[in-house]
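# Structural overview for review
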Amino acid sequence: MKVPSQALNRPLNWATQQTKSHELENQMSRRLGFYIGNLGLLIAKAATSELTYPLPLCPIPNTAAWLLGLINLRGNLVPVFDLHKLLQLKPKEDTIPMLLILGSGELAGAMLIDSLPVHLNFFEEEDKLSSLPPLPNMIKSYTSTGYEKNGEFWFNFDHLGFFEYLATQVAV
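From N to C terminus, the chain includes six helices and 10 strands. A separation threshold of at least 6 residues defines the contact pool for the chain, and within that pool the share at least 24 residues apart is 57%. Of the roughly 10900 Å² of accessible surface on the chain, 55% is carried by carbon and sulfur atoms.

This part takes up the sheet that holds strand E2 (residues 39-42). In spatial order, the strands read E8-E1-E2-E10-E9; together these five strands make up an open sheet with mixed pairing. Looking at strand neighbours, the two that pair on one side only are strand E8 (118-123) and strand E9 (146-149), the edges of this open sheet. Across the sheet, the mean angle from the axis of one strand to that of its neighbour is 40°, orientation sign disregarded. Examined bridge by bridge, strand E1 (residues 28-36) and E2 share four bridges and lie antiparallel to one another. Looking at E2, one finds that Gly33 is bridged to Leu42.

Inspection of the entire model under this criterion finds two salt bridges. Between Arg74 and Glu50 there is a salt bridge whose closest N-O contact spans 2.7 Å. Taken together, the positions of Arg74 in the loop between strand E4 (67-73) and strand E5 (76-81) and Glu50 in strand E3 (residues 49-52) put the pair 24 residues apart, joining distant regions of the chain. Asp127 serves as the salt-bridge partner of Lys149, at 3.6 Å between the closest nitrogen and oxygen. With Lys149 in strand E9 and Asp127 in helix H4 (residues 124-127), this residue pair connects regions lying 22 residues apart in the sequence.

A full pass over the atoms with the stated rule returns eight aromatic pairs. Measuring from ring centre to ring centre gives 5.5 Å for Tyr142 and Phe162, while their planes differ by 65°; the resulting arrangement is edge-to-face. With Tyr142 in the loop between helix H5 (137-140) and E9 and Phe162 in helix H6 (residues 159-167), the pair connects residues that are 20 residues apart, well separated along the chain. Phe162 shares its class with Tyr142; the two are buried. Grouping aromatic residues by their ring pairs yields a cluster made of Phe34, Tyr142, Phe157, Phe162 and Tyr165.

Here the focus is the side chain of Asp127. Among the residues examined, Asp127 registers a relative accessible area of 14% and is labelled buried. Within the local environment of Asp127, its side chain forms a polar contact with the backbone nitrogen of Phe123, the two atoms lying 2.8 Å apart. Excluding its chain neighbours within four sequence positions, the residues that come into contact with Asp127 are Asn121, Phe122, Gly146, Tyr147, Glu148 and Lys149.

With that settled, the discussion passes to the sheet that holds strand E6 (residues 98-102). Spatially, E3-E6-E7-E5-E4 is the arrangement adopted by the five strands of the open sheet, whose pairing is mixed. Here the strands that pair on one side only, and so sit at the sheet edges, are E3 and E4. If you compare each strand with its neighbour and ignore which way they point, the axes differ by 30° on average. In this fold H6 packs onto E5, E6 and strand E7 (109-113), with an angle of close to 100° to the strand it touches most, E7.

What counts and what doesn't
Residues numbered from 1 in each chain as written. Predicted model: local features only at pLDDT ≥ 70, side-chain atom pairs only at ≥ 80, totals over all residues. Heavy atoms only, no water. Helix = DSSP H or I, 4+ residues; strand = E, 2+ residues; numbered from the N terminus. Contact = heavy atoms within 4.5 Å. Areas by Shrake-Rupley, 256 points an atom, 1.4 Å probe, with all protein chains shown as cover. Pairing = 2+ DSSP bridges. Axes fitted to C-alpha atoms, helices over the stretch in contact; angles between N-to-C directions. Salt bridge = Lys/Arg side-chain N within 4 Å of Asp/Glu carboxyl O. Phe/Tyr/Trp six-rings, centres within 6.5 Å; stacked < 30°, edge-to-face > 60°. Buried < 20%, exposed > 50% of the residue type's maximum accessible area, 1.4 Å probe, protein only. Polar contact = N/O pair within 3.5 Å; in protein donor to acceptor, adjacent residues only side chain to side chain.

What follows is the structure, encoded as structure tokens:
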């Protein structure tokens, strides 16, 4: 046990520990990810997102099968996409499908996902993939970088660019 004068005059390791902790937080990125089949996609850091059970749809005739229809979300008509059909991926078994809405207002789009999104922590340099594995062609241009976490691959997903692209492809 230290005498009071020794305890008061000891070096302050707390400040050093706080600095190291802050540096680790700056290197780590906390993200929200979701699955389409076995494909893990990451929601953009600043993206608006909302999760709900599937809502009643208004189908649109003469459109691609992967455009399920429109939902009315607080007065905004939001397209709902089935990316499983589009990307030819099988949904995960024993999961409850959810509706993930990305963006807001006129820029919003929704998709059926396999289950609840998951929180992931990535160390930008350690977990980042040096090259991307093969991805479905339709989504490849909208997944800029990837990460590996616990043996699973996760990809940054440019939902705005992807939704804009899909808008040009919906007519049959």
